[in-house]
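Listed below, chain by chain, are the residues.
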Amino acid sequence: MANKKVLLVYSGGLDTSICIPLMREEYGYSDVVTVTIDVGQDAADIAQAEEKAKIMKTEHYTVDAKEDFAKLFCWPAVQANGDYQGYPMSTSIARPLIAQKAVEMARQVGVTDFAHGCTGKGNDQYRIEFGIRALMPEATIHAPVRERNMTRTWEIDYAQKKNVPIQQSLNKIWSIDENLWGRSIEGGRLEEPDFAPPEEIFKWTSSIDKAAAKPSAVTIGFKNGVPVSLNGETFSPATLIQKVNMLAGQHGIGRIDVMEDRMMGLKVRENYECPGATVFLKAHKALENLVLTREEIRMKALIDQEWSRLAYEGLWWDPLKEDLEAFIASTQRRVTGEVKLSLYKGQPTVVGRNSPWALYSEDLASFDTTTFDQRESTGAVKNFGLQSRMYHQIRSKMEREM
Ligand code: ARG
């Protein structure tokens, strides 16, 4: 057999681990390169992936992508108020970066063949494959779990036959995906929409009864719609997210339980904990409401929604996304300032905001000023709703004749 190399996007979990012997024995690759992208998942998972790769003798790489993820994926999501059905899209926005880093690694080691462990039911297959093909059109991509319509039972059986170390996977009830922007927990009884999530699925957030007894006052500084500081101290993007995750998590903020419409059309019950994202998104919106005009806010909500759809679907390199981001960037020029929040018992409450570009004028809005001459409103109020009033005038005639 000629030397054939494949790059496996590797997490260390069951699905991707069985891909190693499969690539060698069923797909005809003599060399398997495994690459794990660190986007802020548990460090123990990364270490475990490294260890398993060593046992299974792959050429293994770990790529630290935390700062890239924070700066180039989480911050644009903040600027766009990124949200899909109540979910800050933590898993979704990590996939394009994973694809991008995999392609960069593939170029380094000189391969154009890829494998990933996504199933045929989820969204990740779209996101990963679009990302790889957008950045490397000549890529060949294998998805063994999907291509062989595998079940978990078959996978475990195969792993045991091929001496794939899966002890940790066997003990895992939940399927977890983790990065700086959030944690997603699926599987087991959680799939039942009516099953209340047990406390044990949460790792980053306290329950309300165990949450900190006193509120925390935090101030988030923004520059051009991007978070830059916490309580006056600046941090790198990834560090800032980690700090706010910790703080908000102690107050039980960011637990999300939704029915989610996947790209396939499947409705799936999803649980997330996104403490930091929840706080950043709330603060960002509060600042936008201070500095953008009513017209901008209205249009931006539409643009944000489209941006979020593209992000959810992993169409990160679609030109429409660039077009939408040009609009978003233009609005974010004034989204600079500070937002004060009180974090307490599951809720981030905005308690103050300021910006050099505030469109608020105390002189105009106050009850105690005469700058705004109230008498000038008379004509405007009188003609407000003119067409609606006319409708009510003709209504009785209409009901008689129609
Ligand atoms: N449904 C979410 C998404 O498509 C998250 C899926 C996370 N996967 C997991 N194994 N927990 O973005």
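Residues numbered from 1 in each chain as written. Predicted model: local features only at pLDDT ≥ 70, side-chain atom pairs only at ≥ 80, totals over all residues. Heavy atoms only, no water.

Student: Any details on the sheet that holds strand β12 (residues 267-273)? Residues and values, ideally.
Tutor: One open sheet accounts for four strands, arranged β6-β7-β12-β11; its pairing is antiparallel. Whereas interior strands pair on both sides, the edge strands pair on one side only; in this sheet they are β6 (175-179) and β11 (255-261). For this sheet, the mean angle separating the axes of adjacent strands, direction not counted, is 25°. For strand β7 (residues 182-186) and β12, the ladder comprises three bridges, and the chain directions are antiparallel. The residue bridging R183 from the neighbouring strand is E273, located in β12. (Pairing = 2+ DSSP bridges. Helix = DSSP H or I, 4+ residues; strand = E, 2+ residues; numbered from the N terminus. Axes fitted to C-alpha atoms, helices over the stretch in contact; angles between N-to-C directions.)

Student: How would you sum up the site of the ligand? Please name residues and give values.
Tutor: Looking at the ligand, there are 13 residues lining it, with Y87, N123, S175, S184 and E270 nearest. One nitrogen or oxygen atom from the side chain of E186 is found 3.2 Å from a nitrogen atom belonging to the ligand. Coverage of the ligand by the protein amounts to 91% of the 350 Å² it exposes when considered alone. Residues belonging to the shell around the ligand are distributed by class as follows: three nonpolar, five polar and five charged. (Near = heavy atom within 4 Å. Polar contact = N/O pair within 3.5 Å; in protein donor to acceptor, adjacent residues only side chain to side chain. Areas by Shrake-Rupley, 256 points an atom, 1.4 Å probe, with all protein chains shown as cover. Nonpolar A, V, L, I, M, F, W, Y, C, P; charged D, E, K, R; others polar.)

Student: Could you give me a rundown of the nonpolar core, with the residues and numbers involved?
Tutor: Of all hydrophobic cores here, the largest spans 76 residues; its most connected members are L7, F69, I93, F114 and W181. Top contributing element to this core by residue count: helix α4 (residues 90-109), with 10 residues. For I93, the contacting residues outside a window of four places in its chain are F69, F73, C74, A77, W181, A311 and W316. Formed by 23 residues, the second largest nonpolar core is a distinct cluster that contains L8, I20, Y27 and A53. (Core = buried A, V, L, I, M, F, W, Y, C linked by side-chain atoms within 4.5 Å. Buried < 20%, exposed > 50% of the residue type's maximum accessible area, 1.4 Å probe, protein only. Contact = heavy atoms within 4.5 Å.)

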